[in-house]
Amino acid sequence: MNDNFLNALQRTNANRYVPVWLLRQAGRYLPEYRKIRAKNEDFFAMIKKPEVCCELTLQPLRRFKLDAAITFTDILTIPDALGLEVEFVKNKGPVFKKSFLQNKSLRLDQTNFLDRLDYVFQATNLIKSNIDLPLIGFCGSPWTIFTYMFYGESPKNFAIIKDYIRENIESTEETLDLLTQLSIVYLKEQAKYGADCLQIFDSWGGILGDDYVKYSLKYINEIRKELPQNIPIILYSRGQKVIEFLKDSDVKIFNFDSSEKLEKYIDLPLTVQGNLDPKVFNNSDQKLISLAEDIYLKFSQKNNYICNLGSGLTPDINPEKVGTFLNHLRFLNSQ
Ligand code: CP3
């Protein structure tokens, strides 16, 4: 197996090799994804088919030389399993039939929780048997999942949830505790079925500002504590300045968004991943080649760097441009 990625996670990558994978490396920017997506009206019905998840995971690996695969699924599998019925509305994103905003005493149905997520574990197992790369499993952070369950859609007016949590501290903490326990069993099961590494997406951590540790990081630390220490966990916390909570974090591997300078962290006892703005792929081929060269020069002698983006590849990106960048990085890595 190509273990450059796993070595970098352990800060032992001594290979003069820059491991790379990309957030949302599978998805709508790929014509082969859109072809399969067109045959499936409902996104969740599609991801409940393990063979389809496997195929979608493999698509970018056929096009590009990447150092890790990520299970094709979604962070909203947990609310779906709890009975919140998620739908994806075009140009709007996820929409839930029920939410805490509409119904404060919304019941979360935990019966057969792991059975309802069996499709994720079957997909994990199938993907793992089809690749010779490390596989990344994932979930949303308890706070980010709570945010979706609260609004019933992607949040816009952040003040509403902030007022709510202050007025309902006890029930908020109870829900966050529950989501933490469910995330722990969900991630453990993904690891059991073949995930070599896990990423926690705290996409709405940025809403919290000074309350970040209290309502989000505390629960992520709990997940870290309950998972076997030999399984790496990466934290992606969008919109939070990592430096401000470094001392409070039990997770030591970070996927940076595009707002911070990753270089500030490279010489600390951490692993650093991400940071590139996906808009770089709008540049000329020449620029993309020099970007790959800059990255190789800066980071190939570091043992704790993983090349990746600060947010996911978007549907407008031309996969040929992604290929130009990745091919050049591959060329440099193989010298
Ligand atoms: O290669 C991969 O990374 C694909 C696997 C993946 C998906 N979602 C598939 C998907 C991953 C890692 C995610 C994570 C995810 N999902 C996050 C965290 C990362 C981030 O972007 O902050 C979040 C917040 C979600 C929730 C979600 N799922 C939203 C907001 C949407 C709507 C549109 C979008 O793409 O953002 C989805 C749907 C979704 N999940 C799609 C894909 C490929 C698009 C669905 C479609 O084809 O219509």
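Cut-off values and rules
- Residues numbered from 1 in each chain as written.
- Predicted model: local features only at pLDDT ≥ 70, side-chain atom pairs only at ≥ 80, totals over all residues.
- Heavy atoms only, no water.
- Helix = DSSP H or I, 4+ residues; strand = E, 2+ residues; numbered from the N terminus.
- Buried < 20%, exposed > 50% of the residue type's maximum accessible area, 1.4 Å probe, protein only.
- Contact = heavy atoms within 4.5 Å.
- Areas by Shrake-Rupley, 256 points an atom, 1.4 Å probe, with all protein chains shown as cover.
- Lys, Arg positive; Asp, Glu negative; His and termini not counted.
- Charge placed at Lys NZ, Arg CZ, Asp CG, Glu CD.
- Expected span 1.5 Å × (residues − 1).
- Salt bridge = Lys/Arg side-chain N within 4 Å of Asp/Glu carboxyl O.
- Core = buried A, V, L, I, M, F, W, Y, C linked by side-chain atoms within 4.5 Å.
- Near = heavy atom within 4 Å.
- Polar contact = N/O pair within 3.5 Å; in protein donor to acceptor, adjacent residues only side chain to side chain.
- Disulfide = S-S within 2.5 Å.
- Pairing = 2+ DSSP bridges.
- Phe/Tyr/Trp six-rings, centres within 6.5 Å; stacked < 30°, edge-to-face > 60°.
- Lys NZ or Arg CZ within 6 Å of the ring centre and 35° of its normal.

(A) Examining the overall build of the protein more closely. Looking only at helices and strands, the protein features 13 helices and 9 strands. Summarising its shape, the C-alpha atoms of the protein cover approximately 60 × 45 × 35 Å along the three principal directions. Per-residue burial over the protein gives 57% buried out of 335 residues. Contacts in the protein between residues at least 24 apart in sequence constitute 73% of all its contacts with a sequence separation of at least 6. As displayed, the protein has an accessible area near 14700 Å², and 48% of this comes from carbon and sulfur atoms. Distance between charge centres in the protein, computed from 42 positive and 42 negative side chains, equals 3 Å.

(B) Highlighting helix H4 (residues 50–63). A rise of 1.5 Å per residue sets the reference length of H4, with its 14 residues, at 20 Å; its end C-alpha atoms lie 21 Å apart and thus fit the reference within 8%. Across the 14 residues that make up H4, a large majority, 10, are buried. Listed as buried for H4 are Pro50, Val52, Cys53, Cys54, Leu56, Thr57, Leu58, Gln59, Pro60 and Leu61. On its buried face, H4 is in contact with helix H2 (31–38), helix H3 (43–47), strand S1 (69–70) and helix H7 (118–128).

(C) The pattern of salt bridges, seen in detail. The full count for this structure, using the stated rule, is 18 salt bridges. Here Arg63 and Glu32 are joined by a salt bridge, their closest N and O atoms 2.7 Å apart. With Arg63 in helix H4 and Glu32 in helix H2, this residue pair connects regions lying 31 residues apart in the sequence. Residue Glu55 is joined to Arg62 by a salt bridge in which the shortest nitrogen-to-oxygen separation is 2.9 Å. Owing to a relative accessible area of 25%, Glu55 belongs among the partly exposed residues under this scheme. What emerges from the salt-bridge pattern is a single network uniting Lys92, Glu153 and Lys156.

(D) The arrangement of the environment of His328 in detail. As for its position among the elements, His328 is in helix H13 (residues 319–333). Residue class for His328 comes out buried when judged on its relative accessible area of 14%.

(E) Molecular detail of the nonpolar core. Formed by 122 residues in total, the largest nonpolar core has its most connected members in Phe5, Trp143, Phe281 and Phe325. Among the elements that take part in this core, helix H8 (residues 142–151) stands out by supplying 7 residues, more than any other. Leaving out residues up to four positions away in the same chain, Phe325 has contacts with Leu276, Phe281, Leu288, Leu291, Ala292, Ile295 and Cys307.

(F) Looking closely at the side chain of Asp80. Along the chain, Asp80 turns up in helix H5 (residues 77–81). Since its relative accessible area comes to 16%, Asp80 is described here as buried. Excluding its chain neighbours within four sequence positions, the residues that come into contact with Asp80 are Phe44, Lys48, Glu85, Val86 and Tyr119.

(G) Representation of the site of the ligand within the structure. In the vicinity of the ligand lie 20 residues, with Arg24, Arg28, Tyr33, Asp74 and Ser203 positioned nearest. Taking Gln25, its main chain carries an N or O atom lying 3.2 Å from an oxygen atom of the ligand. Here an oxygen atom of the ligand and a side-chain polar atom of Tyr33 are 2.6 Å apart. When the ligand is considered free in solution it has 850 Å² of accessible area, and contact with the protein chains removes 86% of it. Listed by contribution, the elements that provide at least two residues to the shell around the ligand are H2 and strand S3 (93–96).

(H) Summary view of the state of the cysteines. Going through the model one piece at a time under the given rule, you end up with 0 disulfides. Unpaired in this structure, Cys197 has its nearest cysteine sulfur neighbour in Cys139, at a distance of 12 Å. Judged by relative accessible area, Cys197 falls into the buried class, the value being 0%. Free cysteine: Cys307, not disulfide-bonded; nearest cysteine sulfur from Cys197 at 16 Å.

(I) Expanded view of the environment of Leu101. Structurally, Leu101 can be placed in the loop between S3 and helix H6 (113–116). Sequence separation between Leu101 and Tyr151 is 50 residues, and the spatial gap between their C-alpha atoms is 5.8 Å.

(J) Up close: the pairing of S3. Bridge count for strand S2 (residues 86–89) against S3 is 4 bridges, and the pairing is antiparallel. Counted as the bridge partner of Val89 is Gly93 from S3. Following S2, the chain reverses through 3 residues before pairing antiparallel with S3; Asn91 in that reversal takes a positive phi of roughly 65 degrees.

(K) Fine view of the packing of aromatic side chains. Taken as a whole, this structure holds 23 aromatic pairs when the rule is applied. On the numbers, 5.8 Å between centres and 25 degrees between planes, the contact of Phe121 with Tyr193 is stacked. Of this pair, Phe121 sits in helix H7 while Tyr193 sits in the loop between helix H10 (169–192) and strand S5 (197–202), placing them 72 residues apart in sequence. For Phe121, a relative accessible area of 1% translates into the label buried. We classify Tyr193 as partly exposed; its relative accessible area is 24%. Put simply, the rings of Phe100, Trp143, Phe146, Phe150, Tyr151, Tyr164 and Tyr215 touch in pairs and so form one group of aromatic residues. Positioned above the aromatic ring of Trp204 is the side chain of Arg238, whose terminal nitrogen or guanidinium carbon lies 4.7 Å from the ring centre.

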